[in-house]
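Structural overview for review
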Amino acid sequence: MSKIAASFPEFSVPHYTLRQIQADDIGVVYQGLSDPEVIKYYALSYDSLEATEVQMQWFEQIVAEDQGIWWGIARADNNELVGACGFYDWDHTHRSTELGYWLLPAYWGNGIMKASLPVIMRYALDVMKVHRIHADVETENPASWQLLEKLGFTREGMLRDVECKDGRFLSLYKYSVLSTDAAVQGLR
């Protein structure tokens, strides 16, 4: 059994709680991962509530297999999910993991990710003991890559035409932050 699963960590940021994603969150997960504005820059999407069950199982599976952890971002006043963030593809040997996140459009521009991501980054560095956190962001998504830059991530380059989505090729910026980077030292 995963060390994470034994005691799922929860965190508080202003007005929101980072908590385990629960079975009854499936409606909001579907809402987010089927919303045209969210999936415009997101690697996956779902066309039905039933299909979203795969994502719900994945949230549990990565924890059970020590391959990552994702938190639901819930409003502190009513526990309603508004997005999610976390880590996947955790490589224990090379001490690296990939960061991902999404938020319902009604909550964009309120600093929720800017508050949430440093908290989970600290967890990845201190508890998961990762040295490198990386993220791939579509070149046409400046809000996301500018957020990463504000959090101290370095753009390492661009993966040209690396994904095909809706019949067109997409390029991705590759970002990373290391446990030794000055920006990360402030998180500890």
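Just above sits the structure.
From a predicted model like this one, the values you see are computed outputs, not experimental measurements. Counting starts from 1 at the beginning of each chain's written sequence and moves along it residue by residue. Owing to the predicted nature of the model, reporting of local features is limited to residues with pLDDT of at least 70; listing and counting of side-chain atom pairs is limited to 80 or more, with chain, interface and lining totals taken over all residues. Values reported for side chains reflect all heavy atoms of the structure, with hydrogen atoms and water molecules removed beforehand.

**Overview of the sheet that holds strand S6 (residues 132–138)**
Across the sheet, 8 strands lie side by side as S1-S2-S3-S4-S5-S6-S8-S7; this open sheet has mixed pairing. Either end of the sheet is taken by a strand with one partner, and the two such strands are strand S1 (11–13) and strand S7 (154–165). Geometrically, the sheet is characterised by an average inter-axis angle of 25 degrees between neighbouring strands, direction not taken into account. Here helix H4 (residues 49–64) sits on the sheet in contact with strand S3 (69–75) and strand S4 (81–91), set at roughly 130 degrees to S3. Contacts between residues were defined by any pair of non-hydrogen atoms, one from each residue, lying within 4.5 Å. Lines fitted to C-alpha atoms define the axes here, with helix axes fitted over just the stretch in contact, and angles between the N-to-C directions of these axes take values from 0 to 180 degrees. Strands are runs of DSSP state E lasting at least 2 residues, helices are runs of H or I lasting at least 4, and numbering of each runs from the N terminus. Its contacts with the sheet place helix H5 (residues 112–126) against S1, strand S2 (16–20), S3, S4, strand S5 (96–103), S6 and strand S8 (168–178), and it is angled at close to 30 degrees to S4. Strands were regarded as paired on the criterion that DSSP finds at least two bridges between them.

**Quick notes on H4**
To estimate the expected span of a helix, subtract one from its residue number and multiply by 1.5 Å. If you check H4, its first and last C-alpha atoms are 23 Å apart, about what 16 residues at 1.5 Å a residue would give, namely 22 Å. At the exit of H4 stands Asp66, carrying a positive phi of roughly 55 degrees.

**Examining the packing of aromatic side chains**
Ring geometry is summarised as follows: Phe, Tyr and Trp rings, the Trp one being its six-membered ring, pair when their centres sit within 6.5 Å, and such pairs are stacked at plane angles under 30 degrees, edge-to-face over 60 and tilted between the two. Going through the model one piece at a time under the given rule, you end up with 12 aromatic pairs. Each ring, one from Phe11 and one from Trp71, has its centre 5.9 Å from the other, and the planes form 55 degrees; the classification is tilted. You can see Phe11 sitting in strand S1 and its partner Trp71 sitting in strand S3, a full 60 residues away along the chain. When its relative accessible area of 21% is taken as the criterion, Phe11 is described as partly exposed. Think of it in three bands: with a 1.4 Å probe and only protein chains considered, a residue is buried below 20% of the maximum accessible area for its type, exposed above 50%, and partly exposed in between. On the basis of relative accessibility, which here comes to 0%, the residue Trp71 falls in the buried class. When the ring of Trp71 is compared with that of Phe87, the centres are 6.4 Å apart and the planes differ by 85 degrees; the resulting orientation is edge-to-face. In this pair, Trp71 sits in strand S3 while Phe87 sits in strand S4, placing the two residues 16 residues apart along the sequence. You'll find Trp71 and Phe87 in the same group, each marked buried. These aromatic residues form a ring-pair network of at least three members: Phe8, Phe11, Trp71, Phe87 and Tyr123.

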